[in-house]
Amino acid sequence: MSDYTPKPENKFTFGLWTVGNIGRDPFGSPVRETKSPADLVRLLGEVGAYGVNFHDNDLIPIDATPAEAESIKKDFRSALADTGIVVPMATTNLFSEPIFKDGAFTSNDPKVRAYALQKTMNAIDLGVEFGAKTYVFWGGREGTESDATKDTITAIKRSRDAMNFLCEYVNDKKYDLKFALEAKPNEPRGDIYNSTTGHMLAFISTLDHPEMVGVNPEVAHEHMAGLNFVHGVAQALEAGKLFHIDLNDQAFGRYDQDFRFGAVNIKSAFFLVKLLEDNKYDNPRHFDAHAYRTEDYEGVKDFARGCMRTYLILKEKAAQWNTDKEIQALVAEIHADDGSMNQYFGKYSAEKAKALKSQSFDRSAIAGRGLKYERLDQLTVEVLLGVR
Ligand code: DIG
Ligand code: MN
Ligand code: MN
């Protein structure tokens, strides 16, 4: 039996709001008592996490006095020191307060847009104070219930203006900080702008400082859009934009369930872990998820341990897949290439085009090949079922 104990090099992180989730939902009141940030850090230390993330108001309540804020930060800092837990990521809560009821950066009210910038600058300062190197933006309220209320192009321009301003702020303060944009298609708004990781990648390319900005894809959010999460993450990786990732799980066609990693779609979780590990992803593996409402804090620890154990088990399965002789023989066969077409690929030339246009192809012979994908996928399933 391998060792599935989390280690710092795994860079497993949790948000204060994840293990601190008190079980409130739209149809029920809290089922767990609120724990202080310092106690949540100690809980994460107990289960073996590497890091903790926070929204500004997860750590410092929005109406805390300066003295209260200092006291909270002091306790939080000593819990970090006691446990060795670090703070790789921070973010702003631009979605809970009623003032953000019609969005933050995209609000129709210029006072709200200005306040959102102010709140984010202060939250960036707080995150940097605790060592964050990645700053996430999740625009939970940046959307509409009716497109009569806001011109979509204006909303996009407002989002861009905010990101450009905040990139300039980070540069002005000489912070070592990168931004990671997190998409979600809906909830809590009827529709949310920049709804998928793909939209975010396109949006980033229109910014003044695109080099400072990447993405933070979340499993549940891409699944809510009916998408293959692995493909979205691969596109971000290939573009050098996978600055952070929110791991959890989610049944298709449901509200944002934020389940324990691997709790629903074990096969897609496997291919995700394989993608990350094969490509030596080295940024934090953040579990943006929470325990079932049925759980007490011992159950919350089970949830956190389960996220990390499942990741490590799937990491071992991916290594097994990469060395399984029958699987690798099939993979080699599938990707066999006699090199005869290489003359036509790569950079264009008129000669290449001329030669290719005169190349003959035996379409029926090519189409008649059996590709053995059924066998390969069955072997993959058998690795996951533990019978290989
Ligand atoms: C929701 O999936 C969002 C918020 O929890 C937070 O702003 C972000 C960071 O993980 N994810
Ligand atoms: Mn979510
Ligand atoms: Mn998230």
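Scroll up for the structure.
What counts as what
Residues numbered from 1 in each chain as written. Chains lettered and ligands numbered in written order. Predicted model: local features only at pLDDT ≥ 70, side-chain atom pairs only at ≥ 80, totals over all residues. Heavy atoms only, no water. Salt bridge = Lys/Arg side-chain N within 4 Å of Asp/Glu carboxyl O. Helix = DSSP H or I, 4+ residues; strand = E, 2+ residues; numbered from the N terminus. Buried < 20%, exposed > 50% of the residue type's maximum accessible area, 1.4 Å probe, protein only. Core = buried A, V, L, I, M, F, W, Y, C linked by side-chain atoms within 4.5 Å. Domains from an automatic or database assignment. Near = heavy atom within 4 Å. Polar contact = N/O pair within 3.5 Å; in protein donor to acceptor, adjacent residues only side chain to side chain. Areas by Shrake-Rupley, 256 points an atom, 1.4 Å probe, with all protein chains shown as cover. 1 Å grid on protein atoms, 1.4 Å probe; cavity = no way out; pocket = protein on both sides within 12 Å on 5 of 7 lines; lining within 4 Å. Sits in = over half its atoms within 2 Å of the grid points. Nonpolar A, V, L, I, M, F, W, Y, C, P; charged D, E, K, R; others polar. Donors = N, O, S within 2.8 Å, 3.2 Å for Na, K, Ca; no water. Tetrahedral: all angles 85-135°; square planar, octahedral: opposite > 155°, others 65-115°. Points joined across faces, edges and corners; volume = space filled by probe spheres on them. Patch = residues over 30% accessible without salt bridge, like charges linked within 9 Å, V, L, I, M, F, W, Y side chains within 5 Å. Lys, Arg positive; Asp, Glu negative; His and termini not counted. Charge placed at Lys NZ, Arg CZ, Asp CG, Glu CD. Pairing = 2+ DSSP bridges. Axes fitted to C-alpha atoms, helices over the stretch in contact; angles between N-to-C directions. Parallel < 35°, antiparallel > 145°, perpendicular 65-115°, else oblique. Contact = heavy atoms within 4.5 Å.

### So, the pattern of salt bridges
Thought 1: Taken as a whole and judged by the stated rule, the model has 26 salt bridges.
Thought 2: Notably, a salt bridge pairs Lys 7 with Asp 3, separated by 3.2 Å at the nearest N-O pair.
Thought 3: Residues Glu 333 and Lys 372 are paired through a salt bridge, measuring 2.6 Å at the closest nitrogen-oxygen approach. Highlighted residues: Glu 333 in helix 12 (residues 325–334) and Lys 372 in the loop between helix 14 (363–367) and helix 15 (373–384), separated in sequence by 39 residues.
Thought 4: In this structure Glu 333 comes out as partly exposed when scored by relative accessible area, which is 39%.
Thought 5: When salt bridges that share partners are traced, they join Glu 46, Glu 298, Lys 301, Asp 302 and Arg 305 into one network.

### Some words on the nonpolar core
Thought 1: Of all hydrophobic cores here, the largest spans 96 residues; its most connected members are Phe 14, Phe 76, Phe 179, Phe 261 and Leu 272.
Thought 2: Take this core: its biggest share by element is 11 residues, from helix 11 (residues 297–323).
Thought 3: Each of domain 1 (8–319) and domain 2 (325–385) contributes no fewer than three residues to this core.

### Let's talk about the site of ligand 1
Thought 1: Every residue near ligand 1 is listed here: Trp 17, His 55, Met 89, Thr 91, Val 136, Trp 138, Glu 182, Glu 218, His 221, Asp 246, His 286 and Asp 288.
Thought 2: Taking Glu 218, its side chain carries an N or O atom lying 2.7 Å from an oxygen atom of ligand 1.
Thought 3: Its free accessible area being 300 Å², ligand 1 has 95% of it covered by the protein chains.
Thought 4: In this structure the site holding ligand 1 corresponds to the largest pocket.
Thought 5: For the shell around ligand 1, the secondary structure elements donating two or more residues are strand 3 (89–91) and strand 4 (134–138).
Thought 6: Within the shell around ligand 1, the residues separate by chemical class into four nonpolar, four polar and four charged.

### Side note on the coordination of the manganese ion (ligand 3)
Thought 1: The protein atoms that coordinate the manganese ion (ligand 3) are Glu 182 (OE), Glu 218 (OE), Asp 246 (OD) and Asp 288 (OD), at distances of 2.0 to 2.2 Å.
Thought 2: Of note is the manganese ion (ligand 3), whose six donor atoms meet at the metal with angles of 73 to 173 degrees in an arrangement that counts as irregular.
Thought 3: In the primary structure, the donors to the manganese ion (ligand 3) are separated according to the pattern E-x35-E-x27-D-x41-D.
Thought 4: The manganese ion (ligand 2) is placed at 4.5 Å from the manganese ion (ligand 3), the two being bridged by Glu 218. With Glu 182 in strand 6 (residues 178–182) and Asp 288 in the loop between strand 10 (285–287) and helix 11, this pair connects stretches of sequence that are 106 residues apart.
Thought 5: The exposure class assigned to Glu 182 is buried, which follows from its relative accessible area of 5%.
Thought 6: Under the relative-accessibility criterion, Asp 288 is labelled buried at 10%.

### Some details on the coordination of the manganese ion (ligand 2)
Thought 1: Only Glu 218 (OE), His 221 (NE2), Asp 256 (OD) and Asp 258 (OD) from the protein coordinate the manganese ion (ligand 2), and they sit 2.1 to 2.5 Å from it.
Thought 2: Counting gaps between the donor residues of the manganese ion (ligand 2) yields the pattern E-x2-H-x34-D-x1-D.

### Topic: empty space enclosed by the protein
Thought 1: Applying the stated rule across the entire model yields two cavities of 30 Å³ or more.
Thought 2: Computed from the structure, the largest cavity encloses a volume of approximately 250 Å³.
Thought 3: Around the largest cavity, the lining comprises 22 residues; the ones closest to its centre are Phe 105, Phe 137, Gly 139, Glu 142 and Met 200.
Thought 4: Secondary structure elements with two or more residues in the lining of the largest cavity: strand 4, helix 6 (152–172), strand 6 and helix 7 (197–204).

### A word on a negative patch on the surface
Thought 1: On the surface, Asp 161, Glu 168, Asp 172 and Asp 208 cluster together into a negatively charged patch.
Thought 2: Mapped onto the elements, Asp 161 comes out in helix 6.

### Focus: unusual backbone geometry
Thought 1: Residue Pro 188 follows Glu 187 across a cis peptide bond; omega there is 15 degrees.
Thought 2: Relative to the elements of secondary structure, Pro 188 occurs in the loop between strand 6 and strand 7 (191–192).
Thought 3: The backbone of Lys 11 sits at a positive phi, close to 55 degrees, despite the residue not being glycine.
Thought 4: One can find Glu 187 in the loop between strand 6 and strand 7.
Thought 5: Judged by relative accessible area, Glu 187 falls into the partly exposed class, the value being 29%.

### Considerations on the sheet that holds strand 1 (residues 12–15)
Thought 1: Pairing in this open sheet of eight strands is parallel, and the strands run 8-6-4-3-2-1-10-9 from one edge to the other. Two strands bound the open sheet, and with one partner strand each, they are strand 8 (213–215) and strand 9 (245–247). Across this sheet, the average inter-strand angle for adjacent strands is 30 degrees, counted without regard to direction.
Thought 2: With three bridges joining them, strand 1 and strand 2 (residues 51–55) adopt parallel strand pairing. What sits directly across from Thr 13, in strand 2, is Gly 51.

### Considering the packing of helix 2 (residues 37–47) against helix 4 (residues 66–83)
Thought 1: Running from N to C, helix 2 and helix 4 cross one another at 10 degrees; their axes reach a closest spacing of 8 Å. Here helix 2 lies roughly parallel to helix 4, going by the angle between them. Residues Pro 37, Ala 38, Val 41, Arg 42 and Gly 45 of helix 2 pack against Ile 72, Asp 75, Phe 76, Ser 78, Ala 79, Leu 80, Asp 82 and Thr 83 of helix 4.
Thought 2: Tallied by class, the residues present in the contact of helix 2 with helix 4 amount to seven nonpolar, three polar and three charged.

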